[in-house]
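# A structural walkthrough
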Amino acid sequence: MTEYQLIDSRDAVYREGTIKLHTEEGFEGMRRAGRLAAEILDDIAPLVVPGVTTAALDDFVRERTLAGGAVPATMGYRGYAHSCCISVNHVICHGIPSEKTLKDGDIVNIDVTPLLDGWHGDTSRMYYVGEVPLRAKKLVEVTYECLMLGIEQARPGNRLGDIGAAIEAHARQYRYGVVREFCGHGVGRLFHDAPEVIHAARAGTGPLLKPGMFFTIEPMINAGRPHAKMLSDGWTAVTRDKSLSAQFEHSIGITEDGCEIFTLSPKGLHKPPYV
């Protein structure tokens, strides 16, 4: 049976495994954290060019996060040593920044989570590096459409499975694979919390969506089969068939009549096609 917990003050005791229902205080905190996260991804856009190292991009994320009055939630998280995750081409998620340089034609996901005043603004988006092949652009565009179709289902009275069903149905039209090994998650004062948000699910299943729920939707879509494998570093997930992969992520809150997206780009750069 699904357990829900009303969170109405900073001093609330968080019970593990419960779905948190937040008040306006929580919405205000997530708006600030989400906006900073989106601004970081806006500001990094001009730097994602051929020849830049992913380590240099990570340095920028760290400096911009600190300048915004926050800290990168990923630094020190379960031993992770970087300010963001940067996943290139066939890397599905959790790519580790390094001295690897980006090259013309790459597609790149950058995933940031500034922790601002106790709230986590978790978001990721795709970037094109130079001139990108049409097949890669199509994957990125469809992945964004999957995210937004999932968000359309995020409203009171629906169930979490409705989100995953909408995402999977759209991806299947293009014979793309929806990664099942990773999912969205509850977010707020905790980085990762209940519920798990599965991106390939059956409509009408899963916990009931209620006002005050905060969670991420972050579909990972492969151009080939949906299967993932972990590299020996314990973090990086790649496609088993070496096909391209794309991902977009927003943090949202369920409202009385729909949902609020906390991580929209102030500059409108959160969606393709990009200028």
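The sections below set out a description of the structure shown in this document. Note that the structure is predicted; figures quoted are calculated from it, not measured.

## Digging into the nonpolar core
Ile-107, Ile-163, Met-213, Phe-215, Ile-217, Ile-221 and Ile-252 are the most contacted members of the largest nonpolar core, which has 36 residues in total. Counting residues per element, the ones that place at least two in this core are strand 2 (19–22), strand 9 (123–128), helix 3 (134–152), helix 4 (160–173), strand 12 (193–197), strand 13 (214–217) and strand 18 (250–254). For this core, the element with the highest residue contribution is helix 3, accounting for 8 residues. Other than its neighbours up to four places away in sequence, Met-213 contacts Tyr-4, Ile-19, Lys-20, Leu-21, Pro-195, Leu-208, Ile-252, Gly-253 and Ile-254. Judged by nonpolar contacts, the second largest core, of 27 residues, contains Phe-27, Leu-41, Val-48 and Val-187.

## Overview of the pattern of salt bridges
Evaluated as defined, the whole model comprises 16 salt bridges. Among the charged side chains, a salt-bridge network with shared partners connects Arg-35, Glu-39, Asp-43, Arg-64 and Lys-267.

## Brief notes about the packing of aromatic side chains
Overall, the coordinates contain 7 aromatic pairs when judged by the stated rule. On the basis of an interplanar angle of 70° and a centroid distance of 5.0 Å, the ring pair of Tyr-80 and Trp-235 is categorised as edge-to-face. Remark: Trp-235 occurs in the loop between strand 15 (228–230) and strand 16 (237–239) and Tyr-80 occurs in the loop between strand 3 (71–72) and strand 4 (84–88); sequence separation between them is 155 residues. With relative accessibility at 3%, the residue Tyr-80 sits in the buried group. For the ring pair Tyr-174 and Tyr-176, a centre distance of 5.9 Å and an interplane angle of 25° mean the geometry is stacked. Accessibility expressed as a relative area gives 30% for Tyr-174, which makes it partly exposed. Grouping aromatic residues by their ring pairs yields a cluster made of Phe-27, Phe-214 and Phe-262. The side chain of Lys-210 reaches across the aromatic face of Tyr-4, ending 4.0 Å from its centre.

## Re the sheet that holds strand 14 (residues 220–222)
Through backbone hydrogen bonds, the strands of a sheet pair up, either in parallel or in antiparallel fashion. Read from one edge of the open sheet, 3 strands run 10-14-17, paired in antiparallel fashion. In this open sheet, the two strands that pair with only one neighbour each are strand 10 (177–178) and strand 17 (245–247). Two strands pair when backbone bridges link them, and strand 14 and strand 17 are joined in this way by 3 bridges, in the antiparallel orientation. Bridging across to strand 17, Met-220 finds its partner in Gln-247. Sheet strands in contact with helix 3 are strand 14 and strand 17, and its direction is about 40° off that of strand 17.

## A word on the packing of helix 1 (residues 24–44) against helix 2 (residues 54–67)
Contact geometry for helix 1 and helix 2: axes closest at 10 Å, N-to-C directions at 140°. Viewed along their axes, helix 1 and helix 2 adopt a mutual orientation that is oblique. The element helix 1 and its partner helix 2 pack so that their crossing is right-handed. Along the contact surface, helix 1 presents Leu-36, Glu-39, Ile-40, Asp-43 and Ile-44, while helix 2 presents Leu-57, Phe-60, Val-61, Arg-64 and Thr-65. Broken down by class, the residue content of the contact of helix 1 with helix 2 amounts to 6 nonpolar, 1 polar and 3 charged.

Cut-offs used in this document
- Residues numbered from 1 in each chain as written.
- Predicted model: local features only at pLDDT ≥ 70, side-chain atom pairs only at ≥ 80, totals over all residues.
- Heavy atoms only, no water.
- Core = buried A, V, L, I, M, F, W, Y, C linked by side-chain atoms within 4.5 Å.
- Buried < 20%, exposed > 50% of the residue type's maximum accessible area, 1.4 Å probe, protein only.
- Helix = DSSP H or I, 4+ residues; strand = E, 2+ residues; numbered from the N terminus.
- Contact = heavy atoms within 4.5 Å.
- Salt bridge = Lys/Arg side-chain N within 4 Å of Asp/Glu carboxyl O.
- Phe/Tyr/Trp six-rings, centres within 6.5 Å; stacked < 30°, edge-to-face > 60°.
- Lys NZ or Arg CZ within 6 Å of the ring centre and 35° of its normal.
- Pairing = 2+ DSSP bridges.
- Axes fitted to C-alpha atoms, helices over the stretch in contact; angles between N-to-C directions.
- Parallel < 35°, antiparallel > 145°, perpendicular 65-115°, else oblique.
- Left-handed = near helix turned anticlockwise from the far one by under 90°.
- Nonpolar A, V, L, I, M, F, W, Y, C, P; charged D, E, K, R; others polar.

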